[in-house]
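Chain by chain, the residues run as shown.
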Amino acid sequence: MTAYQPLFEPYRLNDRLTLANRIVMAPLTRSMAGPGLVPTRAMADYYGRRADAGLIVSEATIIRPDGQGYPDTPGIYSQAQIDGWKQVTAAVHRNGGKIFMQLWHVGRLAHSHFTGEQPVAPSAVAFEGTLPRMRELSYELPRELGREEIAQLVADYARAAENAIAAGFDGVEIHGANGYLIDQFLHHDTNHRADDYGRTPENMSRFALEVVDAVAARVGADRTAIRLTPGAYVHMQADARDRAVFDHLLGELERRELAYLHLGIFDDSLSFDFLGGRASEYLRRRYQGTLIGVGGLTPQTASEGLAQGRFELAAIGRPFIANPDYVRRVQQAEPLVEYHQDMLAELV
Ligand code: FNR
Ligand code: 8K6
């Protein structure tokens with residue numbers, strides 16, 4: 001028996017996928033890929049150790065070279081990367097787990113230091129600031145994407161999804177959160193376009209939905225998921241008009257019967273006036289499909305959220321870095337090791 005029973009009930013995502021419990025390992029960038037941005041043996045071991053989570057979402061993985069904004073983040077566009085990821089998915093499956101790949105393009109948060117090119121974005125609006133841990137580098141002014149380039153990006157997301165399935169993943173999560181490329185289309189701060197990708201909720205949702213539809217057409221809606229940050233709280237400024245964009249987008253997403261919708265936020269105790277409360281509450285009101293809650297959850301608050309129907313699955317980020325055996329510790333009501341950012345230096 002456990003004090004946190006709701007976390008340990010199996011969950012049927014859809015006809016294809018059933019998860020052993022409600023605990024999701026959140027996507028966590030670790031910047032540990034090898035040369036060529038190829039996943040390593042150490043990464044396979046790291047994910048394999050955490051396979052008792054009901055679902056693992058991989059660290060954000062770039063769909064093509066110009067999507068890179070941090071050092072040594074893995075990719076999914078070369079054969080060597082696909083082969084590297086095969087070791088990871090094999091380790092997770094061998095230990096009885098399931099794993100989705102998070103598909104990433106950072107848009108204006110890319111840097112020529114990594115890519116050799118000017119970053120691309122919906123609009124030519126720079127993020128004010130310096131790169132994390134690389135203070136000598138300021139973010140650059142991005143170039144506005146042309147329409148053919150947008151179509152190419154959509155195709156590149158679909159190709160990346162296909163590569164992820166070839167590498168043995170159980171599905172893909174499109175990274176539409178935290179101020180990266182897709183999120184840049186969804187907020188007025190970063191989307192100043194005058195064409196049919198800008199100005200109105202329908203237009204501003206268009207890129208996200210085109211990516212979702214292209215990925216779902218390639219790998220199946222039941223293996224396609226998306227992560228969203230309706231309250232712009234990181235890498236951009238909130239604008240009350242963004243609410244209408246998410247209202248529209250969520251209605252469209254619900255009709256598509258995806259594997260799940262995942263909130264992207266560091267702290268879900270934050271309240272957003274223009275969303276009428278917490279980001280998770282806003283999503284729940286607008287979306288009746290499977291929702292993953294996240295953001296400072298403890299075993300206690302995660303269990304309560306599940307029991308109250310505020311979300312169906314609970315994602316755990318930093319505690320999973322500090323506790324490879326998070327699931328076992330919670331099940332046995334053992335104390336957890338506290339996360340510290342120095343733990344990012346090593347894959348344990
Ligand atoms: C993150 N987070 C994150 N989110 C995401 O969508 N893709 C990613 O690659 C990363 N990378 C990442 C790295 C590190 C070091 C941290 C701490 C966080 C956010 C993460 O998935 C999660 O939403 C937050 O950490 C909040 O959950 P916890 O940590 O409070 O359980
Ligand atoms: C050895 C170097 C490891 C560096 C990796 C860190 C990169 C983490 C990027 C994830 C996103 C972070 C966003 C910052 C959020 C602030 C929250 C309020």
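Going by the structure above, here's the rest.
On a predicted model such as this, the values are computed, not experimentally measured, just so you know.

1. Details of the overall build of the protein chain
Secondary structure summary: the protein chain contains eleven helices and 16 strands in total. Over its C-alpha trace the protein chain gives a radius of gyration of 19 Å, about what one expects of a compact globule, namely 20 Å for 348 residues. For the C-alpha atoms alone, the extent of the protein chain along its principal axes is close to 60 × 45 × 40 Å. The proportion of buried residues among the 348 residues of the protein chain is 58%. Contacts spanning at least 24 positions in sequence make up 70% of the contacts within the protein chain whose residues lie at least 6 apart. Looking at charge distribution, the protein chain has the averaged site of its 35 positive side-chain charges lying 3 Å from that of its 44 negative ones.

2. Structural notes on the pairing of strand β11 (residues 224-228)
With five of five residues buried, β11 lies mostly within the body of the structure. Side chains Thr224, Ile226 and Leu228 project from β11 onto one buried face, and the interleaved Ala225 and Arg227 project onto a second face that is buried too. Inspection of the sheet shows strand β10 (residues 171-176) paired to β11 by five bridges, in the parallel sense. Note on β11: the bridge partner recorded for His175 is Arg227. In this fold, the crossover linking β11 to strand β12 (residues 260-263) by way of helix α7 (residues 242-255) has right-handed handedness.

3. Quick look at the pattern of salt bridges
Evaluation of the coordinates by the stated rule reveals 22 salt bridges. For the salt bridge of Asp15 with Arg12, the shortest nitrogen-to-oxygen distance reads 2.3 Å. Of the charged contacts in the structure, one is a salt bridge between Glu252 and Arg255, with a shortest N-O distance of 2.8 Å. Of this pair, Glu252 and Arg255 both sit in helix α7, three residues apart, roughly one helical turn. With a relative accessible area of 61%, Arg255 lands in the exposed category. One network of salt bridges, with partners in common, ties together Glu144, Arg147, Arg193, Asp195 and Asp196.

4. A short note on the packing of aromatic side chains
This structure, assessed with the given rule, holds twelve aromatic pairs. On the basis of an interplanar angle of 70° and a centroid distance of 5.4 Å, the ring pair of Trp85 and Phe169 is categorised as edge-to-face. Here Trp85, found in helix α2 (residues 79-94), pairs with Phe169, found in the loop between α4 (147-166) and β10; they are 84 residues apart in sequence, far enough to count as distant. The same class applies to Trp85 as to Phe169, namely buried.

5. Concerning the packing of helix α6 (residues 201-219) against α7
Where α6 contacts α7, the axes come no closer than 9 Å and their chain directions differ by 35°. At the point where α6 passes α7, the crossing takes the right-handed sense. From α6, Pro201, Glu202, Met204, Ser205, Ala208, Leu209 and Val212 reach across to α7, where they touch Ala244, Val245, His248, Leu249, Glu252 and Leu253. Each residue belonging to the contact of α6 with α7 can be placed in one class, and the counts come to nine nonpolar, two polar and two charged.

6. So, the side chain of His105
By the element assignment, His105 lies in the loop between β5 (99-104) and α3 (112-115). Every residue in contact with His105, bar those within four places of it in the chain, is listed here: Ile63, Arg64, Asp66, Gly67, Val120, Leu153, Tyr157, Tyr180 and Leu181.

Thresholds, definitions, all that
Residues numbered from 1 in each chain as written. Chains lettered and ligands numbered in written order. Predicted model: local features only at pLDDT ≥ 70, side-chain atom pairs only at ≥ 80, totals over all residues. Heavy atoms only, no water. Helix = DSSP H or I, 4+ residues; strand = E, 2+ residues; numbered from the N terminus. Rg over C-alpha atoms; globule rule 2.2 N^0.38 Å. Buried < 20%, exposed > 50% of the residue type's maximum accessible area, 1.4 Å probe, protein only. Contact = heavy atoms within 4.5 Å. Lys, Arg positive; Asp, Glu negative; His and termini not counted. Charge placed at Lys NZ, Arg CZ, Asp CG, Glu CD. Pairing = 2+ DSSP bridges. Right-handed = clockwise from strand over helix to strand, strands pointing away. Salt bridge = Lys/Arg side-chain N within 4 Å of Asp/Glu carboxyl O. Phe/Tyr/Trp six-rings, centres within 6.5 Å; stacked < 30°, edge-to-face > 60°. Axes fitted to C-alpha atoms, helices over the stretch in contact; angles between N-to-C directions. Left-handed = near helix turned anticlockwise from the far one by under 90°. Nonpolar A, V, L, I, M, F, W, Y, C, P; charged D, E, K, R; others polar.

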